[in-house]
Each structure stands twice: as structure tokens, then as C-alpha cells.
Amino acid sequence: METPSIGMKTHKEENTILTDLTTKMTHILNQNQTQNQISTHEPTTHIGIKLDGTNYALWSQIVEMYISGKDKLGYINGELSEPLQTDMAFRKWRTENAVVKGWLINSMDPKLVSNFIRFSTAKAVWDNIATTYFDGTDTSQVYELKRRVIRIKQGGGSIETYYNNLQGLWREIDFRRPNPMICDTDIEKYNSILQEDRVYTFLDGLDDRLDKIRADVLQTKPFPTVEQAYAQVRREDLRQSVMMTNEDTLSGGAMITRGGQKLQHQFSFRTPSNGKPITKPQGEGGGGGCTHCGNMRHTKEICFKLHGYPEWWQELKAKKKREASGGDNHGRAALMSVEPQLSLVPEQESSTSISDQTAQNDSGYSHQEDYWSWY
């Protein structure tokens, strides 16, 4: 039969063994967890901005968002303070602190690293950067930001650039002048008034061509936010751009072709003192006549003898001969559609002018009152 002393001894040995096993298992689990966290939180992608001493406001927001996404924000805001070195959590804290500190150092311009590398904790690095490059009470910086907001205008540029510049300035002001309200109702009222003021500023800087949409936005009920006002103005700006593009393409044209060569001209109509229309092709040159055939009524660039006669030329010659012999004395202007180009037949003035023009057919153009010309 087992004595009580022997049973107690056996029980103590079992407890000792169980405690040792628990301690070893805890150590192994902590070690594996630390290794997994190191591999998990290593920065696989670099932070997309470098602190250069002039961009602290933007840099701090991006870096804070990055660290928060890694669930390590407590290492820079003081929530995870340094434990005692005898604490079992110290190894984990030291490792993760080094990781966060590395993120901060790697997001700096190399010339600034030596100023902060000696600090032992990530929080110390973070706080000293803020002390060095940011002073929320710097009224001169706030004054400069507000002055730029007041003076910025669209100035004929794109609506997107104008709006983005305004938003950047407003975000900087919000960062330096956060909402001082505490009550939720006060915060909502403050933000509502702030949004309304920013809509006024945005509309005031628009170009005059957007004056109508400016009035429409001001009459919108309920009053829009600056984002809603921008969306409404942008739609009108796009509509105007499309309309202007369409108007630029509404010019007429004619194409004279022979073989693979093409000449393109625009036509206009004007009425002289006798009330009869004169059809004139628009060229790009001035006067001086044709240097190829010597005709003073056209230029070398549109000379039929040089570039070839159009398909309707022989039909025109035959028609003129019929009119000269048949006595059709009533002049008219005809617009003939020849596939695939558009052609114009000049008006005939009288039987006398018809005879004179028939004699000049081979020159390529009429020498009478109706003639080809250009702008």
C-alpha cells in the first residue's frame, strides 16, 4: 500500500514536469508567433513618399495610414509602451518596434536619416519628426494657405486641375486647424457651414463661360456639398467642350482627285452688287495667279492642268456648248454632287459671257465675273 509521503512526492514531481512543459510550450509558441509577425509585417512595398523636410503634413498622414493598416499604430502613439525586459512580451515588443522604426527611417530622404536613427523607439522617432517639421500653431503657414485659397482661379485651365488644387489646400488647412467642436450636433453644424463656404469659393473661381451653371448650383435645394457642386459643374464643362468640338467640324469642303492625288478646298458664297452669287473656293495662298499655266484666276495648288480635271469637267464643257448654241440666257448656280466628292459649277451671267467663258474652258476656270478665288 502506497504511503502518503510517497504519494505527495509523486504528485509534486508531476506538477513540476507539467510546469516545465507548459513553460517550454509557451516559449516555443511565442517564438513562432514573433517569427510569423516579422515575416508578416515586413514592408513588401515601400511607402510611396519620402520626408524631405517640406512635406511633413502629407508624409505624416500617409505613413500613419500605412502603419495603422499593419495594426502597429500603438508603437507611434504610445498605446503600446515598452515592457520590462523581464517580461515575456518584451522580445515581441522589441522586434515589432524595430520593424515600425524601420518603416519610418526608410520613408525619409537619406540626408535626414542621421538626425533620427539614434532614437531607440519608433515613438521617439515619430515625436521628434513632428517637433522638427511641424508646428500646428504656426499662423504664418495657415495665413499663406488661406491666402492661396482666396486667390486661386480656374484661369482658362481644366476644371479638374482647379478643383484638385483647391482640395489640396483645404485638406492642409483642415490638418492644421481641426474641428474644435466636441458635441456631435455642433460638429455637424460646423461642417455644414464650412462646406457652404467652400462651395462659394469654388464657384467664385470658375471661368465666366460657366456663369449659368454657377447660378444653377446656387439655387440647388438642399444646398450641395463642394463635391456635389464640382460634379454638376464638371458635367456642364464637358457639355460645352463637346459642343465646341462639333462646331469646329461644321466647315464645308470639296475634294478634287486624280489617281492617288487629292486636293481639299473649302467653298464660300458671296453676292456682288448685281445680286448674283459668286462661288469661290478657299485656298491657303494669296493672289498672283497660277505659275504653271499662267491663269490669274487660280493658283498652282488647284490648277486642273497640273493636278488633273475632275469627272464633271467634260460634262460642264458639253453643257456650256449646248447653252451657247441653244440660247438658255437665264443664268443659274448649280451644285452638282459627284461621288464621292462635292463639286461646284459657277453661274453664267448672259449669253455674251457664256460665249466668252466657253472660249476659256481649256484654261481650267472662267475669266468672267464668276471666278474661282480663295481666302
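Whatever comes next refers back to the structure up there.
What you see is a predicted model; the values in this text were computed from it and never measured.

A. Structural detail: the overall build of the protein chain. Broken down by element type, the protein chain carries 14 helices and 5 strands. For the protein chain, with 375 residues in total, the buried portion stands at 33%. Once local pairs closer than 6 in sequence are excluded, the contacts in the protein chain between residues at least 24 apart make up 57%. Surface exposure of the protein chain reaches about 23,800 Å², of which carbon and sulfur atoms provide 53%.

B. Expanded view of the nonpolar core. Residues Trp 59, Ile 67, Leu 104 and Ile 129 are the most contacted members of the largest nonpolar core, which totals 25 residues. Put simply, the parts of the chain that give this core at least two residues each are α2 (56-69), α3 (74-77), α4 (90-106) and α6 (122-133). Considering every element that reaches this core, the biggest residue donor is α4, with 7 residues. Contacts of Ile 67, omitting those with residues within four sequence positions, involve Lys 72, Leu 73, Ile 76, Val 100, Trp 103 and Leu 104.

C. Broad picture of helix α8 (residues 159-176). Taking 1.5 Å per residue as the helical rise, α8 with its 18 residues ought to reach 26 Å, and the 26 Å between its terminal C-alpha atoms agrees with that figure. All of the buried residues in α8 are Ile 159, Tyr 162, Tyr 163, Leu 166, Gln 167, Leu 169, Trp 170, Glu 172, Ile 173 and Arg 176.

D. Representation of the environment of Gly 48 within the structure. In this fold, Gly 48 is placed in the loop between α1 (4-41) and α2. Linking Gly 48 and Ile 62, residues 14 residues apart in sequence, is a C-alpha distance of 8.3 Å.

E. Main features of the packing of aromatic side chains. Going through the model one piece at a time under the given rule, you end up with 13 aromatic pairs. On the numbers, 5.3 Å between centres and 50° between planes, the contact of Phe 134 with Phe 175 is tilted. Taken together, the residues Phe 134 in the loop between α6 and α7 (139-151) and Phe 175 in helix α8 connect sequence positions 41 residues apart. Using a relative accessible area of 23% as the deciding quantity, one classes Phe 134 as partly exposed. A centroid spacing of 6.3 Å and a plane angle of 70° characterise the contact between Phe 202 and Tyr 230, whose relative ring orientation is edge-to-face. In this pair, Phe 202 is assigned in helix α9 (residues 184-204) and Tyr 230 in helix α11 (residues 226-248), connecting sequence segments 28 residues apart. Three or more aromatic residues joined by ring pairs form one cluster here, namely Tyr 56, Trp 59, Trp 126, Phe 134 and Phe 175.

F. The arrangement of the pattern of salt bridges in detail. Enumeration according to the criterion identifies 11 salt bridges in this entry. Note that Asp 127 and Lys 123 form a salt bridge whose closest N and O atoms lie 2.6 Å from each other. Separated by 4 residues within a single helix, Asp 127 and Lys 123 lie in helix α6, roughly one turn from each other. The partner of Asp 211 in a salt bridge is Arg 214, with the nearest N and O atoms 2.7 Å apart. Taken together, the residues Asp 211 and Arg 214, both in helix α10 (residues 211-218) and 3 residues apart, mark about one turn of the helix. Note on Arg 214: relative accessible area 14%, which makes it buried.

Criteria and thresholds
- Per chain, residue numbering runs from 1 following the sequence as it is written.
- Per-residue local features are limited, in this predicted model, to residues with pLDDT of at least 70; the limit for side-chain atom pairs, both in listing and counting, is 80 or more; totals at the level of whole chains, interfaces and linings are taken over all residues.
- Side-chain numbers come from the whole structure's heavy atoms, not from hydrogens or water.
- Only DSSP runs of H or I reaching four residues or more are called helices, and only runs of E reaching two or more are called strands; each is numbered from the N terminus.
- The classification of residues rests on relative accessible area computed with a 1.4 Å probe and restricted to protein chains. Under 20% of the type maximum is buried, over 50% is exposed, and intermediate values are partly exposed.
- Note on contacts: a residue pair qualifies if any of its non-hydrogen atoms lie within 4.5 Å across the two residues.
- Note on areas: Shrake-Rupley, 1.4 Å probe, and residue coverage restricted to the protein chains presented here.
- Here, the term nonpolar core denotes a set of buried Ala, Val, Leu, Ile, Met, Phe, Trp, Tyr and Cys residues that are joined through side-chain atoms within 4.5 Å.
- Between the first and last residue of a helix there are one fewer steps than residues, each counted as 1.5 Å, and that sum is the expected span.
- Side-chain rings of Phe, Tyr and Trp (the six-membered ring for Trp) are treated as a pair once their centres are within 6.5 Å; stacked means planes under 30 degrees apart, edge-to-face means over 60, and tilted covers the remaining angles.
- For this analysis, a salt bridge means a side-chain nitrogen from Lys or Arg found within 4 Å of a carboxyl oxygen belonging to Asp or Glu.

Functional significance is not addressed by these values, which are geometric in nature.
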